[in-house]
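Residues per chain are reported as follows:
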Amino acid sequence: MKLHGLYGITDTELLANGRLLPYVEAALKGGMQVLQYRDKTQDTARRYEEATALKQLCSHYNAQLIINDDLLLAKELAVGLHLGQEDGSITKARQLLGNNAIIGATCHGSIDLAQRAKAEGASYLAFGRFFPSKTKPNAKPADINVLSEAKALGLTICAIGGITLNNVHLLTKQGVNLIAVVNELFDANNAEQVEKRAKQLVSTIFL
Ligand SMILES: Cc1ncc(COP(=O)(O)OP(=O)(O)O)c(N)n1
Ligand SMILES: Cc1nc(C(=O)O)sc1CCOP(=O)(O)O
Ligand SMILES: [Mg+2]
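Residues numbered from 1 in each chain as written. Chains lettered and ligands numbered in written order. Predicted model: local features only at pLDDT ≥ 70, side-chain atom pairs only at ≥ 80, totals over all residues.

An unreviewed UniProt entry lists the chain under the name Thiamine-phosphate synthase, with Entomomonas moraniae given as the organism. In its Sequence similarities (unreviewed entry) section, the UniProt entry covering the chain states "Belongs to the thiamine-phosphate synthase family." Its UniProt record gives the chain a comment under Function (unreviewed entry), which states: "Condenses 4-methyl-5-(beta-hydroxyethyl)thiazole monophosphate (THZ-P) and 2-methyl-4-amino-5-hydroxymethyl pyrimidine pyrophosphate (HMP-PP) to form thiamine monophosphate (TMP)." (UniProt positions renumbered as here; feature names shortened; annotations may be inferred.)

Here it is as structure tokens:
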């Protein structure tokens, strides 16, 4: 079954000072279906602790947890993995995590990269960034027209990069399955605001 819906991605700074779990729970209450734990620090113990708590939370709300970059952490927790072009082999990750694991692959705006990721065993293909991103300003830009060819590959298609309540419809009308968002979801003053944003994004995605 294809994944579908709001795909929230954590941000170490936006979710610092005790905000990680309450903000993620608020997004889950608002209908977020997939969460990526994206933490670029080298603090292995904290990363393990946080990812374990997020796994419990996601499982309570019947959502999928995906770990960014870190194959061994994904294996240890038996959850999904997202790999970029510099993050190691999808084939090796598939061998280690097994056939049922969700493995996502960054494809930027390239059908060639997407075809390769599919051949190596990716479960979903992530394209972007489609709009200027506050979280990752130097992310490679992608043209929205790539999405029609991407859909023909038959895998779950994810869009990322600068997605807001104002532009999300441009992606959903192309038939994108997963809408990946950091800033528009988690740059909030409180958990109630996160829940409201999640609900608004979800209702646009499923319009
Ligand atoms: C859903 C999703 N799409 C793309 C990315 C970017 O991955 P990558 O290119 O490896 O960059 P980092 O996130 O590791 O900085 C992603 N994380 N998630
Ligand atoms: C982690 C990441 N990867 C991107 C890519 O294009 O590969 S854009 C991005 C950040 C997405 O955050 P926001 O929703 O705040 O723009
Ligand atoms: Mg990466």
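J.: Explain the overall build of the chain here, please?
T.: When its secondary structure is counted, the chain shows nine helices and eight strands. Taken against the 2.2 N^0.38 rule, which gives 17 Å for 207 residues, the C-alpha radius of gyration of the chain at 16 Å falls within 12% of a compact globule. Projected onto its principal axes, the C-alpha coordinates of the chain cover approximately 40 × 40 × 30 Å. Burial analysis of the chain (207 residues in total) assigns 41% to the buried set. A separation threshold of at least 6 residues defines the contact pool for the chain, and within that pool the share at least 24 residues apart is 59%. (Helix = DSSP H or I, 4+ residues; strand = E, 2+ residues; numbered from the N terminus. Rg over C-alpha atoms; globule rule 2.2 N^0.38 Å. Buried ≥ 20, exposed ≤ 12 C-beta atoms within 10 Å, placed from the backbone. Contact = placed C-beta atoms within 7 Å.)

J.: What's the story with the packing of helix H1 (residues 20–29) against helix H2 (residues 44–60) in this structure? I'm lost.
T.: Packed helices, taken two at a time, are described by the angle their axes make and the gap between the axes. Axis separation between H1 and H2 bottoms out at 11 Å; the angle between their running directions is 25 degrees. As far as their axial angle goes, H2 and H1 are roughly parallel. As H1 runs across H2, the sense of the crossing is right-handed. Between H1 and H2, the contacting residues are Leu20, Leu21, Val24, Glu25 and Leu28 on the first element and Glu50, Ala53, Leu54 and Leu57 on the second. Class assignment of the residues belonging to the contact of H1 with H2 gives a composition of seven nonpolar, no polar and two charged. (Axes fitted to C-alpha atoms, helices over the stretch in contact; angles between N-to-C directions. Parallel < 35°, antiparallel > 145°, perpendicular 65-115°, else oblique. Left-handed = near helix turned anticlockwise from the far one by under 90°. Nonpolar A, V, L, I, M, F, W, Y, C, P; charged D, E, K, R; others polar.)

J.: What am I meant to see in the environment of Lys151 here?
T.: Relative to the helices and strands, Lys151 is located in helix H6 (residues 146–151). Sequence separation of Lys151 and Glu49 is 102 residues, and the distance between their C-alpha atoms is 37 Å. Sequence-distant contacts of Lys151, defined by excluding residues within four places in its chain, comprise Ile157 and Gly175.

J.: Before we go on, may I ask you to explain the site of ligand 2 in this structure?
T.: Neighbouring ligand 2 are 15 residues, the closest being Arg129, Ser133, Thr135, Val182 and Asn183. Classifying every residue of the shell around ligand 2 by side-chain character gives five nonpolar, seven polar and three charged. (Near = placed C-beta within 6 Å.)

J.: Hey, could you run me through the nonpolar core in this one?
T.: Side chains of a nonpolar character, in soluble globular proteins, are inclined to be buried together. Judged by nonpolar contacts, the single largest core of 63 residues is most densely connected at Leu35, Leu125, Phe127, Cys158, Ala159, Ile179 and Ala180. Ranked by residue count, the leading element in this core is H1, at six residues. The residues touching Cys158, leaving out its near neighbours within four places in the chain, are Tyr7, Gly104, Tyr124, Leu125, Ala126, Asn177, Leu178 and Ala180. (Core = buried A, V, L, I, M, F, W, Y, C linked by C-beta atoms within 7 Å.)

J.: Hey, could you run me through the confidence of the model for the chain in this one?
T.: Averaged over every residue, the pLDDT of the chain is 98; the share at 70 or more is 100%. For this predicted complex, the interface confidence reaches an ipTM of 0.99, while the overall pTM sits at 0.98. (pLDDT = per-residue confidence, 0-100.)

J.: Explanation requested: unusual backbone geometry in the structure shown.
T.: Glycine aside, negative phi is the norm for most residues, and most peptide bonds take the trans geometry. Put simply, Gly128 and Arg129 share a cis peptide bond, and its omega is 5 degrees. Within the secondary structure, Arg129 is located in the loop between strand E6 (124–128) and H6. Of note, the phi angle at Asn62 is positive, near 60 degrees, even though the residue is not glycine. With respect to the helices and strands, the residue Asn62 is situated in the loop between H2 and strand E3 (64–68). Under the C-beta neighbour-count criterion, Asn62 is labelled exposed, with 8 such atoms within 10 Å.

J.: Could you clarify how one ought to interpret the sheet that holds strand E2 (residues 34–37) in this entry?
T.: For sheets, the rule is that strands pair by backbone hydrogen bonds, running either parallel or antiparallel. Taken together, eight strands build a closed barrel; the order of strands is E1-E2-E3-E4-E5-E6-E7-E8 and the barrel is parallel. On average, each strand axis in the sheet is tilted by 25 degrees relative to the strand beside it, whichever way the strands run. As paired strands, E2 and E3 are joined by four bridges and run parallel to one another. The residue of E3 that forms the bridge with Tyr37 is Ile67. (Pairing = 2+ DSSP bridges.)

J.: Which parts of the structure should I look at to understand the pairing of strand E8 (residues 178–181)?
T.: Looking along a regular strand, one sees the side chains alternate between the two faces of the sheet. Side-chain alternation along E8 places Leu178 and Ala180 on one buried face and Ile179 and Val181 on a second face that is also buried. Relative to E8, strand E1 (residues 5–9) runs parallel, the two being bridged by four bridges. When the sheet's bridge partners are listed, Tyr7 is paired in E8 with Ala180. Examined bridge by bridge, strand E7 (residues 156–160) and E8 share three bridges and lie parallel to one another. Following the sheet pairing, Ala159 is matched in E8 by Ile179.

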